[in-house]
Amino acid sequence: MEAFPVIDMEKLNGEKRAATMEKIRDACENWGFFELVNHGISLEQMDAVERSTKGHYKKCMEQRFKELVAAKALEGVETEIKDMDWESTFFLRHLPASNIADFPDLDPEYKKVMKDFALKLEKLAEELLDLLCENLGLEKGYLKKAFHGSKGPNFGTKVSNYPPCPKPDLVKGLRAHTDAGGIILLFQDDTVSGLQLLKDGRWVDVPPMRHSIVVNLGDQLEVITNGKYKSVLHRVVTQTVGTRMSIASFYNPGNDAVIYPATALLEKEAADQKDQVYPKFVFDDYMKLYAGLKFQAKEPRFEAMKKFEVAAIATA
């Protein structure tokens with residue numbers, strides 16, 4: 001098995017740009033995941049986010065998890081639990097409107113740290129989307145525009161902690177799924193592992209690496225690229241020792257954004273006699289379907305969305 005793709009973004013400036021872009025293309029086509037280093041977010045800022053997140057979990061969430069989940073969930077269980085995840089989590093929405101004020105147990109310093117981090121991640125996500133456009137032969141800004149809708153993109157952060165589990169064979173930290181949205185940027189624990197992706201029929205560890213950002217592609221990018229890039233099944237396995245921190249930020253289309261395969265790619269593929277296989281739909285309709293089918297295969301979701309095909313909506 002080849003090595004997990006690690007992209008050094010500094011190499012995009014200079015003579016190694018072409019080779020780095022090729023590495024990104026290969027990762028998007030063959031992995032659906034890659035890991036970024038030298039991504040422009042300061043190490044000090046990332047350390048502050050990690051310190052605040054771990055501190056908040058210990059202060060406000062750890063005991064609650066022990067009492068509500070850890071003490072009861074595995075009582076008398078002998079076969080794997082299929083309907084729950086071994087995680088403690090909350091979701092911060094940044095765009096189109098922030099909900100951070102709705103979390104009274106987040107102290108002011110933590111709120112500031114997360115707001116500043118979100119701004120950097122938003123910029124990085126848009127930079128990555130343009131790199132994908134370049135590799136796909138799409139005009140710069142195409143993907144950002146495709147995600148925009150009438151109120152801009154949806155952007156939010158799922159803050160998760162995966163506590164130690166006494167019986168890791170009986171429950172997943174997070175069950176296998178693909179992500180519904182656009183592009184996902186993950187700041188993960190560098191000491192406690194657990195994230196895995198499915199590649200060529202095998203579960204592969206996503207290596208913890210200090211101060212890196214893990215990137216993965218969501219279902220909407222699979223649709224827009226007409227399957228050239230794929231969203232990939234991934235999961236979190238539980239560990240018996242250590243709590244794993246996971247801060248996943250989702251840069252997704254706006255609710256009313258109309259998602260469909262890029263015309264320029266279809267024209268290119270027509271010459272290769274490849275048929276269009278992905279539907280056209282409103283993102284919010286997809287999310288309503290996904291809510292009940294997250295942990296099932298994505299292909300039936302795409303098929304179901306053909307019923308919602310938007311034939312008469314302008315694509316401008």
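Below: a short report on this structure. (Residues numbered from 1 in each chain as written. Predicted model: local features only at pLDDT ≥ 70, side-chain atom pairs only at ≥ 80, totals over all residues. Heavy atoms only, no water.)

**Side note on the overall build of the protein**
Put simply, the test is: Numbering goes from the N terminus for both helices and strands, where a helix is a DSSP run of H or I of at least four residues and a strand is a run of E of at least two. Both definitions apply: the radius of gyration is a C-alpha atom measure, and the globule rule equals 2.2 Å times residues to the power 0.38. In this scheme, a residue with accessible area under 20% of its type's maximum is buried, one over 50% is exposed, and one in between is partly exposed, where area comes from a 1.4 Å probe on protein chains only. Residues count as neighbours in contact if any of their non-hydrogen atoms are within 4.5 Å of one another. Each accessible area value is a Shrake-Rupley result obtained with a 1.4 Å probe; residue values ignore everything except the protein chains displayed when judging cover. His residues and chain termini do not enter the charge count, which takes Lys and Arg as positive and Asp and Glu as negative. Every charge is mapped to an atom, namely NZ of Lys, CZ of Arg, CG of Asp or CD of Glu.
Counting secondary structure elements, the protein contains eight helices and 13 strands. In terms of overall dimensions, the protein is globule-like: its C-alpha atoms have a radius of gyration of 20 Å, near the 20 Å expected for 316 residues. Expressed along its principal axes, the backbone C-alpha trace of the protein runs to roughly 60 × 45 × 45 Å. Expressed as a percentage of the 316 residues in the protein, the buried residues total 53%. Long-range pairs, those at least 24 residues apart, make up 82% of the contacts in the protein between residues at least 6 apart in sequence. Accessible surface computed for the protein: about 14,900 Å², of which carbon and sulfur atoms make up 52%. Here the protein holds 43 positive side-chain charges and 48 negative ones, and the gap between their average locations is 2 Å.

**What about helix H2 (residues 43–70)?**
To be explicit about the condition: In this scheme, a helix's expected span is set at 1.5 Å multiplied by one less than its residue total. Across the chain, bend at a residue is computed as the angle between axes fitted to the seven residues ending at that point and the seven starting from it.
The end-to-end C-alpha distance of H2, which contains 28 residues, comes to just 33 Å, noticeably less than the 40 Å that a straight helix rising 1.5 Å per residue would cover. The sharpest bend along H2 reaches about 55° and sits at Met-61.

**Topic: the packing of H2 against helix H3 (residues 108–136)**
What counts is decided by this rule: Fitted lines through C-alpha atoms give the axes, limited to the stretch in contact for helices. The angle between two N-to-C directions lies from 0 to 180 degrees. If an angle is under 35 degrees, it is roughly parallel; if it is over 145, roughly antiparallel; if it lies from 65 to 115, roughly perpendicular; otherwise it is oblique. Crossings are sorted by hand: turned counterclockwise from the far helix by less than a right angle, the near helix makes the crossing left-handed, and turned clockwise it makes it right-handed. Under the convention adopted here, Pro, Cys and the residues Ala, Val, Leu, Ile, Met, Phe, Trp and Tyr are nonpolar, Asp, Glu, Lys and Arg are charged, and Gly plus all remaining residues are polar.
Look at H2 against H3: their axes get within 10 Å of each other, and the N-to-C directions meet at 135°. One element, H2, and the other, H3, form an angle in the oblique class. Like other packed secondary-structure pairs, H2 and H3 cross with a definite hand, here left-handed. Counting all contacts with H2, which are made through Gln-45, Met-46, Ala-48, Val-49, Ser-52, Thr-53 and His-56, the residues of H3 involved are Tyr-110, Val-113, Met-114, Asp-116, Phe-117 and Lys-120. Here the contact of H2 with H3 is composed, by residue class, of seven nonpolar, four polar and two charged.

**Thoughts on the nonpolar core**
As a reminder, the rule being used: Each nonpolar core is a collection of buried residues, namely Ala, Val, Leu, Ile, Met, Phe, Trp, Tyr and Cys, held together in the definition by side-chain atoms within 4.5 Å.
With 80 residues, the main nonpolar core has Leu-36, Leu-128, Tyr-142 and Ile-183 as its most contacted residues. If one sorts the elements of this core by residue count, H3 sits on top with 14 residues. Setting aside residues up to four positions removed in sequence, Leu-128 forms contacts with Met-9, Phe-34, Leu-36, Ile-183, Leu-185 and Val-215.

**Points about the environment of Ser-246**
Looking at where Ser-246 falls in the secondary structure, it is placed in strand S11 (residues 244–252). Between the C-alpha atom of Ser-246 and that of Gly-76, which follows or precedes it by 170 residues, the distance is 29 Å. Here Ser-246 is in contact with Lys-158, Val-159, Ser-160, Tyr-162, Leu-186 and Phe-187, once residues within four sequence places are set aside.

**Examining the sheet that holds strand S7 (residues 195–199)**
Operational definition: The rule for pairing is simple: two strands pair if DSSP sees at least two bridges between them.
The four strands lie next to each other as S5-S10-S7-S8, forming an open sheet whose pairing is antiparallel. Taken across any chain shown, the strands that pair with only one partner, and hence form the sheet edges, are strand S5 (172–177) and strand S8 (202–205). In this sheet, adjacent strand axes meet at a mean angle of 30° when their direction is disregarded. As judged from the three bridges shared by S7 and strand S10 (residues 234–237), these two strands associate in the antiparallel manner. Bridge pairing in S10 links Gln-196 to Arg-235.

**A look at unusual backbone geometry**
For the peptide bond that leads from Leu-95 to Pro-96, omega is 5°, which places it in the cis range. When you line up the elements, Pro-96 lands in the loop between strand S3 (88–95) and H3. In this model, Asn-38 sits at a positive phi of 50°, which is unusual for a non-glycine residue. A positive phi angle, close to 65°, is found at His-211, a residue other than glycine.

**Focus on the environment of Ile-184**
With respect to the helices and strands, Ile-184 occurs in strand S6 (residues 183–188). The spatial distance from the C-alpha of Ile-184 to the C-alpha of Ser-249 is 5.6 Å, given a sequence separation of 65 residues. Ile-184 has contacts with Asp-179, Val-214, Val-215, Asn-216, Leu-217, Gly-218, Ala-248, Ser-249 and Phe-250, leaving out every residue within four places of it along the chain.

**Observations regarding the packing of aromatic side chains**
Quick reminder of the rule: Two rings from Phe, Tyr or Trp (for Trp, the six-membered ring) form a pair when their centres are within 6.5 Å of each other. A pair whose planes differ by under 30 degrees is stacked, one over 60 is edge-to-face, and the rest are tilted.
Scanning the model with the defined rule gives ten aromatic pairs in all. Between Phe-117 and Phe-187, the aromatic rings sit 6.0 Å apart at their centres with planes inclined by 65°, giving edge-to-face as the arrangement. One end of the pair, Phe-117, is in helix H3; the other, Phe-187, is in strand S6, and 70 residues separate them in sequence. Here Phe-187 falls in the buried class, since its relative accessible area comes to 3%. Summarising the aromatic geometry, the rings of Phe-155 and Tyr-251 are spaced 5.9 Å apart at their centres and angled 55° between planes, so their arrangement reads as tilted. One end of the pair, Phe-155, is in strand S4 (residues 154–162); the other, Tyr-251, is in strand S11, with 96 residues separating them in the sequence. Here the aromatic cluster, defined as three or more aromatic residues joined through ring pairs, consists of Tyr-278, Phe-281, Tyr-286, Tyr-290 and Phe-302.

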